[in-house]
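Analysis of the macromolecular model
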Amino acid sequence: MADNLPSEFDVIVIGTGLPESIIAAACSRSGQRVLHVDSRSYYGGNWASFSFSGLLSWVKEYQENNDVLTESSTWQEEILENEEAIPLSKKDKTIQHLEVFCYASQDPHEDAEEAGALQKNHASVVCGNTTDAAAFACLSTEDESLSTVSCDLPAEPTPRTHPQSALEVKKAEAAGEKEIPSDKTSGEEGRENVPIVQNIEPPKKNRITYSQIIKEGRRFNIDLVSKLLYSRGLLIDLLIKSNVSRYAEFKNITRILAFREGRVEQVPCSRADVFNSKQLSMVEKRMLMKFLTFCMEYEEHPDDYQASEEITFSEYLKTQKLTPNLQYFVLHSIAMTSETSSSTVDGLKATKNFLNCLGRYGNTPFLFPLYGQGELPQCFCRMCAVFGGIYCLRHSIQCLVVDKESRKCKAVIDQFGQRIMSKHFLIEDSYFSETTCSHVQYRQISRAVLITDGSVLKTDSDQQISILTVPANEPGTFAVRVIELCSSTMTCMKGTYLVHLTCTSSKTAREDLEPVVQKLFTPNSETEIENEEVEKPRILWALYFNMRDSSDISRDCYRDLPSNIYVCSGPDCGIGNDNAVKQAEAIFQQICPNEDFCPPPPNPEDIVLDGDNSQPEASESIVTPENPTENASLGSPEEPQG
């Protein structure tokens, strides 16, 4: 099947994470011949999203990945005398310390029918045990849809349908390819689409059983990395400029929370929130508005902060006319910066960015992609495929071939022994061997994913999307970011919440995050079912793991890389995606120095009309409504907003 691949490309991209996918799309859009491969059977790498059973299969895959693999040496026979090889790793070592806990009760009368079912285990490292779980690990929900186009790629609509390792080479058939329509509309979500479990009388406070989670596992879209999009961030601007936004739809984050004195409370952000807040006195409201107004214009008044540039933002806030209550809100819920390491300028810049993003699409600065963060790499992969990029999942690259004389990489050799030539090679850093990375010191990200039966702050609406920062309470530890998603984000089943916890690692993920989990939630054990008045939401299921953070690694740290090999990092610990976009644009400019980065696609009408070369620019006034709306459709200004 390897004979189906052309023998030469302009750019070969290895890995389908967000930076690699953006670069592949930009190169394909500029006319480069792009081959985009991934040894995994799904798009996104560590940026991916999974159904529940798909996540269990992913856990099992990483547990088995620790086993010793026999390295194939057939590629060595393909290396000529004037060449040398840079072997690539067959093991992904970016994930460590996986621990899974199931607290939901298992009804003895129900059988877990979804593939990848995990038997109940309260306190051990476990993994999914299934032979056909791969069939359910598609990154995009196939039986759910909204009014926008979902991000299943034409190049690989069901990446895990065939578990066997095989070469799949496909091109986009046409730029106007239609999606297969769902037989249910978005208005029916949560009513007709949710199967009713019959003949069951659930306990009063334990309505969700593990069997229900398994049966409704495809309603979950669980992100490996937890991020949000600033409404005026680089990624939103790129999605609009390139028109990739037509492949996705977004929800507003509805509220920003704070954790103070053991209690969760909502933070007023906008002017209306501030003046409607019952938490703040009238004096505090005036103080806060005055300070936030200054932050919007701080660069015009350098004398007011330059004397404090050497101190932390936390110390700077104490010098302002702000109560401790306001200092806490600004530091942890608006600027969202470190209490110990962020400078005054960093804090002012973060606060201004937060305020600038308010009101563009809603009452908070943040958006979340429906069906999860894993949709975003697929959106850019789709753009690449539309412009002629070729995609191969489950396709390993054995080694890079380097010409000894020129010290340039000239080709790759794949799992079938085929030599594929190219001018430029873009590689996600998890593919490098230990030899190449021997001088690299990586940081780690601690992650936890929880399925709970209620919100951390109950309100009249059960469809709140929240972000909460829990400050570090011990030296050497880091603040924990908590993002709570409801079922309307298409990431969890109705009646549950999907909670992501993230922080920079100081220990294992469980050691870092479990103290915060215990503050906010209660394990859903049978002994607590009797308690009718439980204030905290219960945990039904939990996953902890550590993920490598290579975002701050210099290219020079990798040994003996030729100049035409470019390195992409995995996800960082930040809340936004700016680092991925900056990285992608910098690498693209090295590959195509005179080309525009992801320009708008040509207008078909302009192509048909001979002699009319005018093309409307993707200006903000055309494609970005400034009024609040619950579902933010970035490229649909004609729809009424608010």
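Quick caveat: nothing in here was measured; it's all calculated off a predicted structure. (Residues numbered from 1 in each chain as written. Predicted model: local features only at pLDDT ≥ 70, side-chain atom pairs only at ≥ 80, totals over all residues. Heavy atoms only, no water.)

This part is about the side chain of Asp10. For Asp10, the position within the fold is in strand 1 (residues 8–14). Leaving out residues up to four positions away in the same chain, Asp10 has contacts with Gly31, Gln32, Arg33, Ser422, Lys423 and His424. (Helix = DSSP H or I, 4+ residues; strand = E, 2+ residues; numbered from the N terminus. Contact = heavy atoms within 4.5 Å.)

As a further point, take the pattern of salt bridges. With the rule as written, the count across this model stands at 21 salt bridges. Here Asp10 and Lys423 are joined by a salt bridge, their closest N and O atoms 3.5 Å apart. In this pair, Asp10 sits in strand 1 while Lys423 sits in strand 15 (residues 419–428), placing the two residues 413 residues apart along the sequence. Look at Asp10 and you get buried, because its relative accessible area is 7%. Its relative accessible area of 49% is what places Lys423 among the partly exposed residues. The shortest N-O distance in the salt bridge between Arg443 and Asp549 comes to 3.3 Å. Of this pair, Arg443 sits in strand 16 (residues 443–452) while Asp549 sits in strand 21 (residues 538–549), placing them 106 residues apart in sequence. Assessed through its relative accessible area of 39%, Arg443 is described here as partly exposed. The network of salt bridges with shared partners includes Asp38, Arg40, Asp92 and Glu428. (Salt bridge = Lys/Arg side-chain N within 4 Å of Asp/Glu carboxyl O. Buried < 20%, exposed > 50% of the residue type's maximum accessible area, 1.4 Å probe, protein only.)

Of all the 11 residues making up helix 8 (residues 324–334), 10 are buried; the element is thus mostly covered by neighbouring parts of the structure. For helix 8, the set of buried residues is Asn325, Leu326, Gln327, Tyr328, Phe329, Val330, Leu331, His332, Ser333 and Ile334. Summarising the contacts, the buried residues of helix 8 are in contact with strand 9 (255–260), strand 10 (263–266), helix 6 (282–296), helix 7 (313–319), helix 9 (344–357) and strand 17 (466–470). Immediately downstream of helix 8, the backbone of Met336 shows phi near 55°, a positive value.

Two elements in contact, helix 6 and helix 9, have axes whose closest approach is 8 Å; the angle formed by their N-to-C orientations is 100°. Taken as axis vectors, helix 6 and helix 9 run roughly perpendicular relative to one another. In this structure, helix 6 uses Phe291, Leu292, Phe294, Cys295 and Met296 to contact helix 9, whose residues at the interface are Leu348, Thr351, Lys352, Leu355 and Asn356. The residue makeup of the contact of helix 6 with helix 9, split by class, is seven nonpolar, two polar and one charged. (Axes fitted to C-alpha atoms, helices over the stretch in contact; angles between N-to-C directions. Parallel < 35°, antiparallel > 145°, perpendicular 65-115°, else oblique. Nonpolar A, V, L, I, M, F, W, Y, C, P; charged D, E, K, R; others polar.)

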